[in-house]
Amino acid sequence: WVKIAVPNLPVNSYLLVPEFQSDLSSGFCADVKSLSGDVVTVLPPGTPLISPNGIVNAASDATGSAPCGIAQGSILSIYGRDFGPAGFAQAATSYPLTYLGPASVKILEGGNSYDAFLVYASASQINAILPSHVPAGDAQLTVTYNGVTSPPANFRVVKTRLGIFNTNGAAIAQNVASPTSYPLNLPSAPAIPGQTVLLWGTGMGPIDAADNYPPVN
């Protein structure tokens, strides 16, 4: 990374250039104090970049930034660019690994590094499981693709913060009255008073087992 000073840009914004400039004499200023003092980071093309506030609860899209946060053991979504090819990849089994092809995610907290379990990866979005044993507190996250790692993005790890999966703002609920099928309760087929429904969510808190395996009954 090369840090340069550029006037009238937000602090810590990122500038993607068509060609990496290893020679700062060609129009770039190496002295970050010589201009306005607004600092940007120039990234080589193809470097993964996490969007501002791009770490969210995968169900509710609630921000992972303080004072909110992402719950231990929950599924998070990461939005940005250059996370992968134009297509997408999904975990091939019910037991996601710490990588999907050449994509991986690390969480940095308290001087320690933790690997997230990847569920889905595309060029602009990654869904992953935050390990339950990552301590609560302020943390950073990086995305690596093809051996190139993004600048770290800040977020907060909390013990619980439930998000409910939804469609167009309405919670995804299933009628559990039938023992053989669970039809969705939609605006056209709403739940009725006294009906038992099944809600899908993430963020109920950590578990004492591996996060990429189904819990033991």
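Residues numbered from 1 in each chain as written. Predicted model: local features only at pLDDT ≥ 70, side-chain atom pairs only at ≥ 80, totals over all residues. Heavy atoms only, no water.

Visitor: Would you mind going over the pattern of salt bridges with me for this structure?
Guide: It is possible for side chains bearing opposite charge to pair when their charged atoms get close. What the rule picks out here adds up to three salt bridges. Lys106 is paired through a salt bridge with Asp115; the nearest N and O atoms lie 2.6 Å apart. By relative accessible area, which is 35% here, Asp115 ends up partly exposed. (Salt bridge = Lys/Arg side-chain N within 4 Å of Asp/Glu carboxyl O. Buried < 20%, exposed > 50% of the residue type's maximum accessible area, 1.4 Å probe, protein only.)

Visitor: Quick question: what am I supposed to make of the side chain of Ser65 here?
Guide: Within the secondary structure layout, Ser65 lies in the loop between strand E4 (49–57) and strand E5 (70–71). Taking the relative accessible area as the measure of exposure, Ser65 reaches 19% and is therefore buried. (Helix = DSSP H or I, 4+ residues; strand = E, 2+ residues; numbered from the N terminus.)

Visitor: Explain the packing of aromatic side chains here, please?
Guide: Any two aromatic rings considered together are summarised by their centre-to-centre distance and by the angle between their planes. Across all of its chains, the model carries two aromatic pairs by this definition. Where Phe88 meets Tyr120, the ring centres are 5.7 Å apart and the plane angle is 25°; that geometry is what we call stacked. In this pair, Phe88 sits in strand E7 (residues 88–90) while Tyr120 sits in strand E10 (residues 117–122), placing the two residues 32 residues apart along the sequence. The class for Tyr120 is partly exposed, based on a relative accessible area of 21%. (Phe/Tyr/Trp six-rings, centres within 6.5 Å; stacked < 30°, edge-to-face > 60°.)

Visitor: I would appreciate a short explanation of the pairing of strand E6 (residues 75–81) in the present structure.
Guide: Side-chain positions along a regular strand alternate between the two faces of the sheet. As judged from the five bridges shared by E4 and E6, these two strands associate in the antiparallel manner. Its bridge partner being in E6, Ile50 is matched across the sheet by Gly80. (Pairing = 2+ DSSP bridges.)

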